[in-house]
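# Observations on the model geometry
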Amino acid sequence: MVSSNASERHCKLNVYVKSVSEQIWPRIYPMFSASLSMRGFRFIEYHDNQYFTSMDETSMDLHLKQSVQTIMEHRLLVDNTIPDMTMCDLCHSQDLVLAINFTRKPILCQWYLVAREGAASHVVPFDGDVEIFRNSWESPFVDWEMLEKSDRRLRLKNVHGKSVCVVREVYRREDIPCQSPPTLLPKDITHYVIPDPQTAREYLEIFESHHIRGIIFTQTAAHSVQHDGSRRLHSRLKNLIKDRRRGSVIFHNEFQTYAYCEREPGEKLSHWHVRATYKTADWYFNHLAASIPIVMVTSDEQFIHDFGHKTPNLFVLTMRDYLEGFWAQLVPEIMELYQSLHDSSKNKTKEAFIRRAKKDLTEDSGSDILISGMVARNRAVHGDLVVMELLPRAQWQGRSTGIQNPGEKGSGDNANVSDMMPTGRVVGITQRNWREYVACFSQDEEVGRGDKKAGKLLVIPWDYRIPKIRISTRQVDALKDHRIIVRIDSWDIDSTYPNGHFVRSLGKIGDLEAEVAAILVENDIRVQSFSEAQLLEMPVDTPLSPWTMDSEEVTRRRDLRESHLIFSIDPKGCEDVDDTLSVRTLPNGNTELGVHIADVTYFVEPGSLTDQEAQSRSTTVYLADRRYDMLPGVLSANLCSLVSGVDRYAVSVIWELDRNYEVVDVWYGRTVIRSQYKLFYELAQAIHEGIVDAEVVRSIPELHNLWGTELDDKVQELRETVDRLMQVARGLKSRRVKGGALELESVEVQHLEVHDTIAECMIFANHWVAKKIAETFPNQSLLRHHPLPKEEQFTNLNNCAASRGFEIKTSTNKELAESLDRCVDSKDPVVNKILRSLATQAMSNAAYFCTGVLPRDQFFHYGLALDMYTHFTSPIRRYADVIVHRQLLEAVANEKKKTTLPSCTELESLSQHINTKHRASQYAQRESQELFQCLFFRGRGTEDDQYGIKGPVYLRSKQGEVVHVGEDGAVEWTAGQVIKMTTHVMVDSVLGQQKYDLLDHITQPANMETVAKQQKADIIQEVTSEAVEKRLQLESYDLGQNFPQLKQEYGQSKSSLYEMFSDLRTSALQPPTT
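Our subject in this report is the structure included herewith. Everything numeric here is computed off the predicted structure, so don't read it as measured data.

Further remarks concern the nonpolar core. With 89 residues, the main nonpolar core has Ile569, Leu593, Trp655, Leu679, Ile700, Leu703 and Phe872 as its most contacted residues. With 11 residues, helix α22 (residues 753-776) is the single largest residue contributor to this core. In contact with phenylalanine 872, other than residues within four places in its own chain, are Ile597, Val651, Val653, Ala765, Asn766, Val769, Arg878, Asp881, Val884, His885 and Leu888. Residues Ala200, Leu323, Val331 and Leu337 belong to the second largest nonpolar core, which totals 36 residues.

The next point concerns helix α7 (residues 231-242). If you check α7, its first and last C-alpha atoms are 16 Å apart, about what 12 residues at 1.5 Å a residue would give, namely 16 Å. Regarding α7, the residues found buried are Leu233, His234, Arg236, Leu237 and Leu240. Relative to the axis of α7, the buried residues are bounded by an arc of 155 degrees and lie together on one face. Set apart from the buried face of α7 by more than 90 degrees, the exposed residues are Arg231 and Lys242.

A full pass over the atoms with the stated rule returns 40 salt bridges. Here glutamate 324 ties to arginine 320 by a salt bridge, and the two come within 3.7 Å at their closest N and O atoms. One end of the pair, glutamate 324, and the other, arginine 320, are both in helix α10 (residues 319-326), 4 residues apart, so they sit about a helical turn from each other. By relative accessible area, arginine 320 is classed as partly exposed at 30%. Here aspartate 524 and arginine 526 are joined by a salt bridge, their closest N and O atoms 3.8 Å apart. A residue is classified by how much of its surface remains accessible, and aspartate 524, at 37% relative accessible area, is partly exposed. In the salt-bridge network here, residues are joined through shared partners; they are Glu553, Arg556, Arg557, Asp599 and Arg670.

Let's shift gears to the sheet that holds strand β29 (residues 677-680). Read from one edge of the open sheet, 7 strands run β21-β28-β27-β24-β23-β22-β29, paired in mixed fashion. At either margin of the open sheet sits one strand with a lone partner, and together these are β21 (558-559) and β29. As paired elements, β21 and strand β28 (residues 663-674) share 2 bridges and run parallel to each other. Across the sheet, aspartate 559 pairs through a bridge with valine 672, a residue of β28. Lying on the sheet, helix α19 (residues 681-689) is in contact with β22 (566-570) and β29; it crosses β29 at an angle near 95 degrees.

What follows covers the pairing of β28. As judged from the 11 bridges shared by strand β27 (residues 647-657) and β28, these two strands associate in the antiparallel manner. Directly across from valine 653, in β28, lies its bridge partner tyrosine 668. A loop of 5 residues connects β27 with β28, the two strands running antiparallel in sequence, and tyrosine 661 in this loop sits at a positive phi of about 65 degrees.

Relative to the helices and strands, arginine 246 is located in the loop between α7 and β8 (249-251). Of the side chains with opposite charge, aspartate 243 comes closest to the buried, unpaired arginine 246, at an N-O distance of 5.5 Å. Among all residues touching arginine 246, those that are not within four sequence positions of it are Phe207, Glu208, Ser209, His210, Ile212, Arg213, Gly214 and Leu240.

Along a regular strand, successive side chains alternate from one face of the sheet to the other. Of all 7 residues that make up strand β23 (residues 579-585), 5 are buried, and the element is covered over most of its length. Summarising the sheet, β22 and β23 pair through 2 bridges and their orientation is antiparallel. The partner of phenylalanine 567 across the bridge, within β23, is leucine 581. Bridge analysis of β23 against strand β24 (residues 591-598) gives 7 bridges, and the strand direction is antiparallel. Directly across from valine 583, in β24, lies its bridge partner leucine 593.

Evaluation of the coordinates by the stated rule reveals 17 aromatic pairs. Arranged with centres 5.1 Å apart and planes meeting at 40 degrees, the rings of tyrosine 322 and phenylalanine 326 form a pair that is tilted. With tyrosine 322 and phenylalanine 326 both in helix α10 and 4 residues apart, this pair spans about one turn of that helix. Taken as a pair, tyrosine 322 and phenylalanine 326 share a single burial class, namely buried. With a centroid separation of 5.8 Å and 55 degrees between ring planes, the pair formed by tryptophan 547 and phenylalanine 603 is classed as tilted. A residue pair is termed long-range when its members are at least 10 positions apart, and tryptophan 547 in the loop between α15 (532-536) and α16 (551-555) and phenylalanine 603 in the loop between β24 and α17 (609-617) qualify at 56 residues. Taken together, the aromatic side chains of Trp547, Tyr602, Phe603 and Tyr649 make up a single cluster linked through ring pairs. Sitting over the face of the ring of tyrosine 260, arginine 172 holds its NZ or CZ atom 3.9 Å from the ring centroid. Just above the ring of tryptophan 768 sits the side chain of lysine 771; from NZ or CZ to the centre is 3.9 Å.

As for its placement among the helices and strands, histidine 785 is situated in strand β30 (residues 782-785). Within the structure, histidine 785 has its side chain in polar contact with the backbone oxygen of phenylalanine 860 (distance 2.9 Å). In contact with histidine 785, other than residues within four places in its own chain, are Asn845, Ala846, Ala847, Phe849, Leu854, Gln858, Phe859 and Phe860.

A contiguous patch of negative charge, built from Glu710, Asp712, Asp713, Glu717 and Glu720, is present on the exposed surface. By the secondary structure assignment, glutamate 710 is in helix α21 (residues 708-738).

Strand order in the open sheet formed by 3 strands is β34-β35-β36, and the pairing between neighbours is antiparallel. Two strands bound the open sheet, and with one partner strand each, they are β34 (976-980) and β36 (992-997). Neighbour to neighbour, the strand axes of the sheet diverge by 15 degrees on average, direction disregarded. Summarising the sheet, strand β35 (residues 984-989) and β36 pair through 6 bridges and their orientation is antiparallel.

Thresholds, definitions, all that
- All chains use their own residue numbering, which begins from 1 and follows the written sequence.
- Local features in this predicted model are restricted to residues of pLDDT 70 or higher, and side-chain atom pairs are both shown and tallied only at a pLDDT of 80 or more, whereas totals for entire chains, interfaces and linings draw on every residue.
- In computing side-chain values, all of the structure's heavy atoms are included and hydrogens and water are not.
- As used here, the term nonpolar core means buried Ala, Val, Leu, Ile, Met, Phe, Trp, Tyr and Cys residues forming a set that is joined through side-chain atoms within 4.5 Å.
- Between buried and exposed lies partly exposed: a residue is buried under 20% and exposed over 50% of the maximum accessible area for its type, with that area taken using a 1.4 Å probe on protein chains only.
- Under the DSSP-based scheme used, a helix requires at least four consecutive residues in state H or I and a strand at least two consecutive residues in state E, with every element numbered from the N terminus.
- Two residues qualify as a contact provided that any one of their heavy atoms is within 4.5 Å of a heavy atom in the partner residue.
- Expected span of a helix, by definition, is 1.5 Å for each gap between consecutive residues, and there is one gap fewer than residues.
- Throughout, the arc means the angular range of directions from the helix axis out to the C-beta atoms.
- For this document, the term salt bridge refers to a Lys or Arg side-chain nitrogen within 4 Å of an Asp or Glu carboxyl oxygen.
- A pair of strands is labelled paired if DSSP reports no fewer than 2 bridges between them.
- To get an axis, a line is fitted to the C-alpha atoms, and for a helix only the part in contact is used. The angle between two axes follows their N-to-C directions and goes from 0 to 180 degrees.
- Counting rule for charge: Lys and Arg are taken as positive, Asp and Glu as negative, and neither His nor the chain ends is counted.
- Pairing of aromatic rings covers Phe, Tyr and Trp, the last counted by its six-membered ring, and requires centre-to-centre distances within 6.5 Å; plane angles under 30 degrees mean stacked, over 60 mean edge-to-face, and any other angle means tilted.
- Either the NZ atom of lysine or the CZ atom of arginine qualifies as a charge over a ring when it sits within 6 Å of the ring centre and within 35 degrees of the ring normal.
- For the purposes of these results, a polar contact is taken to be a pair of N or O atoms within 3.5 Å, where, inside protein, one atom must be able to donate a hydrogen and its partner to accept one; residues adjacent in sequence count only when each atom of the pair is a side-chain atom.
- To count toward a patch, a residue needs a relative accessible area over 30% and no salt bridge; like charges are then connected within 9 Å, while nonpolar side chains (Val, Leu, Ile, Met, Phe, Trp, Tyr) are connected within 5 Å.
- The method behind every accessible area is Shrake-Rupley, applied with a 1.4 Å probe, and residues are considered shielded solely by the protein chains displayed.
- Charge positions come from single atoms, namely NZ of Lys, CZ of Arg, CG of Asp or CD of Glu.

So this is what it looks like as structure tokens:
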């Protein structure tokens, strides 16, 4: 028991420690006593089951258990704020009590504050922010008049650029939170790292690596990043701290009494920064009672020499030594990044930008603004936020559409330019959006300089919109045939190219894994594994401990397991089944249609680590040979996958439809379902078309154990259900098409009616959910908007249609749909498909938005001809659907409670993030398919004509020659020119003229569609096999037959200090042996 002296402190705190075994108490006592002394308390030891008399002679209540039970059950156990409180007692006679929890980790002493006011109790960690108490009531915990006060003099620049001296009052206190476990810093790491301000500025990119966690940035370092770095660097630091998955914090060392370091008169700022960082590291080391190693990182060699070996387990290292000792073996590429940043920092130049006052933004006229030439770009890079000057109309230009020889100047012929469009020039850059860029060295780059001093050279980015980047590296010889990652550091005003640094190599050009990594980096897709902390939030489902439904949760839901025939129809081999369907005829003759979606929100709590990771990823990424899930596999492929024969939680929308498919009633809510059949598209289509019962039974595993009449009844029931579902879908689609919905098909997709059936049911559910949430939350609902396409985007479609005598009307979606229906060439049925594909390309991209930022008449979805629409049906692979599920469940909740949904501002920011990630996923999927095609056909001849490939045909080479195709099909490149007309292209060469009309195409025999999927699988399998064979063929070195024995005898037990600390940590937590 501890009591503070009233004459020394304004507050009185009493600590009650219940019976502690004689084995545990000796291990706790030294840290317990030291921790109390550091906070200014006096410690008096008492034996078990003895009560005390406080310093002021006030007798304490001996009957504690009733009070403990009341407070703990009401607040602690329900909210799980203090786990396993079996060894803690609290006193109800005090307004504020300090409790110590020894049960989880006896070595780490965890403190909690339990404050009571009347019947209410409030719990926060002891190291938490005391402002919580001060804002609630006048707490006796802190004497605000006894805080240490000092003046801090700062020299700042005002808005006019003049230096002014500012004096600010600084109040220091002892209760600044350290944020050690279980608050923000992670408990599953081997050490904490504290960089000094210079290290934080120069190597923040390294600390952003997901491998390094438990980083403590001092307040001094954060200020240095903000004022001595850049606004962008400071934003990156704030984002790093905000991401709870990274387990990094900012410690306010300048307000902590014992961690504060006063700057000495005449002391250099850099030296004070290092001393202040060490003072913080030393404070943490003692505050945590030496329970975890602390690593301070600095570039001050003299300081390392003086303090590096002063305290065991308090390390002072350079960045190089820290990385080599802890991470070089675990993350080899991190040393390459360090070396590149180190070289770049030697000749770093600062860049100045024009800062302009914010103006009210107005909507543009619907047209892009043309920037013609590099001079007009003014060093702006794709993605930057810029300030522009719109040039006078007389200086407007048209976008070039002509094909010119290299170095050839434009002729000025209007046939080679589009219509005049607004033209401007960049006059300022308000925000740089530089990122990591994939690049490679030019084939003409000089090599053979590997042993010389690093020189400047240009690399060519993967993205053609990014200019060449000048970097400095000594590894030209080793990396000349590699895909590498570079970052832009600056762009001098007198330089043609930006300056950057080498980050790491992805691998050799043409290697499958290197090319896939390049696709992911270019699309800003991060695919690290789910962390241990995230996986601990997931339910357990193993053969030894299978997951079961909660009986109370089941009673709160509508049970559809016995009353409805529920089934799924998905692509063959699909694992993440997130939607199922049901349809039946009601006694009154109406039809009941149900869409049942996996209830992901039951398992993913808002604000949890899993929720934050899902929000960061926003979507599952599907590549040609792999996928990267948005949610851990225990959810996406198991508990939230609505496979047949298993009970699952779902969120359902159930309609009652009359004979004209008008909605009579609709029900939303949480359900319990059991899918009876897992069908695939081709099988469902075949069932509808009447394949024999024996084939149905053979294709459906769920029917294999049935016999006789029961089997016949089940097959007949399934046939009727599939037929009825497709009939209902036809009716729903017919109503929507009459309203102007577009049917835009892809030329390369094999289309079945059952595809339309499933799509129509999902569209119907998304539409009705959008109506419900928009009605309940008119200013903070997440909907999906498909805007009107711009008229100029239809130019290509109109020209192609005109070449065959068709007219396309684009005033409304209904007129466009009717025009496409009339564009049928009886001699060439492919023409209609091509025109529909061109219409798809002319469409604007649909995007998520918050209803509070657009007027009500802009909620529509142009392509689907619906007044509002959202995404509800795929929460396993889209985070937008998770948000919509939460909004829907809030909307239909019976009890009235304060909503925890995102505000309009938060939701709009989140929707922009989801849109970005969604587009990146689409681009990555498309580029992955193109990559596999390229790798498969690389080195193959032209004799194999069994594969249908779609791609551009180039009539002019890079060398300026044009193509001439002879009568025998032979191709010859020769001098000439390409002339583009409205409806055709003319190639005029010395060998003659050749005309290519729009919509000319070459078609394969009709069986190409039936084998397309198998061909795709063959391509993926062969390319993957070749990549594996190459990796197995890497040369190895013979180390001798005695090498394993020598390694075991003399080799290091672990490859890094990180692993060594991990072993020490594990052994320290083992119970003592007797």
